[in-house]
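Structural overview
What follows is each chain in one-letter form.
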Amino acid sequence: MKEKLSEEAYRVTQLKGTEAPGSGQYYLHQEDGVYHCVCCDAPLFTSDTKYHTGCGWPSFYSPVSSDAVIETPDYSHGMVRTEITCGQCGAHLGHVFPDGPEPTGLRYCINSVALTFDPSDH
């Protein structure tokens, strides 16, 4: 996997890192399409569920399906959060928080480097 990914994508997806806020290519991205896992190309989120939060990372209120992502308790860094990983390959994507908009009330806060985008897949 290390040879397939950029150094930053490897650090985030395989070592559970986080990209700097506001630095990701998909943070302010508004094109219609589907966001996929950078590691295995599984579809994860659609542009229909993407919204701007001002948090510094792309945010979505729902994944494409219930099995697209896996939610796991994360107690690192002295915090209680819910980690989001790819349901197909287990790559670290980001975290989900209970402060999103309707209809789910959730904010899937995802690292841009964990994603690829396909405009024709919408």
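All values reported here derive from a predicted model rather than from experimental measurement.

**Examining the pattern of salt bridges**
Pairing is possible between side chains that carry opposite charge, provided their charged atoms lie close to one another. Per the counting criterion, the structure on display carries four salt bridges. For Arg 11, the salt bridge is made with Glu 8, and the minimal N-O distance between the two is 3.1 Å. Highlighted residues: Arg 11 and Glu 8, both in helix H1 (residues 7-15), separated by three residues, approximately one helical turn. Between Asp 74 and Arg 81 there is a salt bridge, with its nearest N and O atoms 3.3 Å apart.

**Here we look at the environment of Cys 55**
Along the polypeptide, Cys 55 turns up in the loop between strand S3 (50-51) and strand S4 (59-60). Residue classification places Cys 55 among the partly exposed residues on the basis of a relative accessible area of 23%. Between the C-alpha atom of Cys 55 and that of Gly 22, which follows or precedes it by 33 residues, the distance is 7.9 Å. Dropping the residues within four chain positions of it, Cys 55 is found in contact with Pro 21, Tyr 27, Arg 107 and Cys 109.

**Quick notes on the pairing of strand S7 (residues 92-97)**
Where burial is concerned, most of S7 is hidden: five out of the six residues are buried. Alignment of strand S6 (residues 81-86) against S7, held across four bridges, turns out to be antiparallel. Bridge assignment links Thr 85 to a residue of S7, and that residue is His 92.

**Re the sheet that holds S7**
Sheets are built from strands that pair by backbone hydrogen bonding, the pairs being arranged parallel or antiparallel. Taken together, six strands build an open sheet; the order of strands is S3-S4-S8-S7-S6-S5 and the sheet is antiparallel. Bordering the open sheet on either side are S3 and strand S5 (69-74), each of which pairs with just one other strand.

**Things to note about the nonpolar core**
One finds Leu 44, Phe 45, Leu 93, Tyr 108 and Ile 110 to be the most contacted residues of the largest nonpolar core, which totals 22 residues. Looking at this core, the elements that each hand over two or more residues are strand S1 (34-37), strand S2 (43-46), S6, S7, strand S8 (107-110) and strand S9 (115-118).

**Points about the UniProt feature "binding site: Zn(2+)" (unreviewed entry) in the chain**
With numbering matched to this structure, UniProt assigns "binding site: Zn(2+)" (unreviewed entry) to Cys 37, Cys 40, Cys 86 and Cys 89. These annotated residues cover 53 residues of sequence, and their C-alpha atoms lie no more than 8.7 Å from one another, placing them together at a single site. When you line up the elements, Cys 37 lands in strand S1. Leave out the neighbours within four places in its chain, and Cys 37 touches Ala 42, Leu 44, Cys 86, Cys 89, Ala 91, Ala 114 and Thr 116. For Cys 89, the location among the structural elements is in the loop between S6 and S7. Setting aside residues up to four positions removed in sequence, Cys 89 forms contacts with Cys 37, Cys 39 and Cys 40.

How each quantity is defined
Residues numbered from 1 in each chain as written. Predicted model: local features only at pLDDT ≥ 70, side-chain atom pairs only at ≥ 80, totals over all residues. Heavy atoms only, no water. Salt bridge = Lys/Arg side-chain N within 4 Å of Asp/Glu carboxyl O. Helix = DSSP H or I, 4+ residues; strand = E, 2+ residues; numbered from the N terminus. Buried < 20%, exposed > 50% of the residue type's maximum accessible area, 1.4 Å probe, protein only. Contact = heavy atoms within 4.5 Å. Pairing = 2+ DSSP bridges. Core = buried A, V, L, I, M, F, W, Y, C linked by side-chain atoms within 4.5 Å. UniProt positions renumbered as here; feature names shortened; annotations may be inferred.

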